[in-house]
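Observations on the model geometry
Okay, here's what each chain looks like letter by letter:
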Amino acid sequence: SVVVNDEGAEVAGQAVGISEEDLADNAATFTVSVSPSLNVGNSASVVLDFPGSATDGVDYTTAIETAISAAQGSGITYNATTHTLTFTGGGASSLNFTVTATNDDDADSAETITVSLGNATAVEGSASVSLTQGSATATIADIDQAITFSVVVNDEGAEVAGQAVGISEEDLAD
């Protein structure tokens, strides 16, 4: 299964929101787990997919694969070429990795960081992906805006205010 949690008020689950600007709520921790714990001598693997709309290493850091590689150990390995995460019996039964939203100052709509699981296999027995916890998403909120400034001039006369008006030296009403 895979779940996601953030630093904010939401409960860990399949979806949370994080912020580009709010440093108290700009990171999401994904947890991939195998259940039950594997017996010694057995191993199980799952292929990770990252179909979200956010760009890895641009909209968020640490890059997902770098975060996974840094978090592995205790009987967990990750093959970055095949995106395969392998748990070994007697080792850890879950892997946590954290990604942090990057404040890019671009006016963009909500972007998503998604981790999906597929192609589960086990050396001894069978393996499957949870129907209810096979994908988890963190949505990056953004307060950046496209701002436009303008200037107009008004001569107090009959002309409509705009980019150019005529004024008279002699006519005090204009």
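For the structure given in this document, a descriptive report is provided here. (Residues numbered from 1 in each chain as written. Predicted model: local features only at pLDDT ≥ 70, side-chain atom pairs only at ≥ 80, totals over all residues. Heavy atoms only, no water.)

The next point concerns the overall build of the protein. In terms of regular secondary structure, the protein is built from one helix and ten strands. N-terminal to C-terminal, the α/β element order of the protein is β-β-β-β-β-α-β-β-β-β-β. Burial status across the protein gives 33% buried among its 174 residues. Of the contacts formed within the protein by residues at least 6 apart in sequence, a portion of 66% connects residues at least 24 apart. (Helix = DSSP H or I, 4+ residues; strand = E, 2+ residues; numbered from the N terminus. Buried < 20%, exposed > 50% of the residue type's maximum accessible area, 1.4 Å probe, protein only. Contact = heavy atoms within 4.5 Å.)

What follows concerns the sheet that holds strand β2 (residues 15-19). As summarised here, the arrangement of the six strands in space is β2-β10-β9-β4-β7-β6, forming an open sheet in which the pairing is mixed. A strand with exactly one partner marks an edge of an open sheet, and here the two such strands are β2 and β6 (76-79). Direction aside, the axes of adjacent strands within the sheet are offset by 20 degrees on average. Contacting β4 (43-49), β6, β7 (84-88) and β9 (111-122), helix α1 (residues 64-71) runs over the sheet at an angle of about 150 degrees to β6. (Pairing = 2+ DSSP bridges. Axes fitted to C-alpha atoms, helices over the stretch in contact; angles between N-to-C directions.)

It is worth spelling out the pairing of β2 at this point. Buried residues dominate β2, accounting for four of its five residues. As paired elements, β2 and strand β10 (residues 135-141) share five bridges and run parallel to each other. Bridge pairing links G17 to T139 in β10.

Looking now at the environment of G57. If you trace the backbone, G57 turns up in the loop between β4 and β5 (60-61). Classification of G57 as partly exposed rests on a relative accessible area of 45%. Remark: the alpha-carbon pair of G57 and T100, spanning 43 residues in sequence, is separated by 9.7 Å.

A few words now on the pairing of β10. Examined bridge by bridge, β9 and β10 share six bridges and lie antiparallel to one another. The residue bridging T112 from the neighbouring strand is T139, located in β10.

Once that is clear, we can look at α1. Listing the buried residues of α1 in full gives I64, A67 and I68. On an axial view of α1, the arc spanned by its buried residues comes to 100 degrees, and they lie on one face. Where α1 is buried, its residues touch β4, β5, β6, β7, β8 (94-101) and β9. Positive phi shows up at G73, right after α1, with a value of about 140 degrees. (Arc of directions from axis to C-beta.)

Turning to the nonpolar core, a few remarks are in order. Core analysis: the biggest nonpolar cluster contains 31 residues, and F30, V32, L48, L85, F97 and I113 have the highest contact counts within it. Looking at this core element by element, the count peaks at four residues for β8. Residues contacting V32, with those up to four places away along its chain left out, are S1, V2, V46, L48, L85, F87, S93, S94, L95, F97 and L117. (Core = buried A, V, L, I, M, F, W, Y, C linked by side-chain atoms within 4.5 Å.)

So, about the environment of Q163. By the secondary structure assignment, Q163 is in the segment after β10. By relative accessible area, Q163 is classed as exposed at 64%. For Q163 and A138, which are 25 residues apart along the polypeptide, the C-alpha to C-alpha distance reads 46 Å. If near-sequence neighbours (up to four positions away) are discounted, Q163 is found in contact with V151, V152 and V153.

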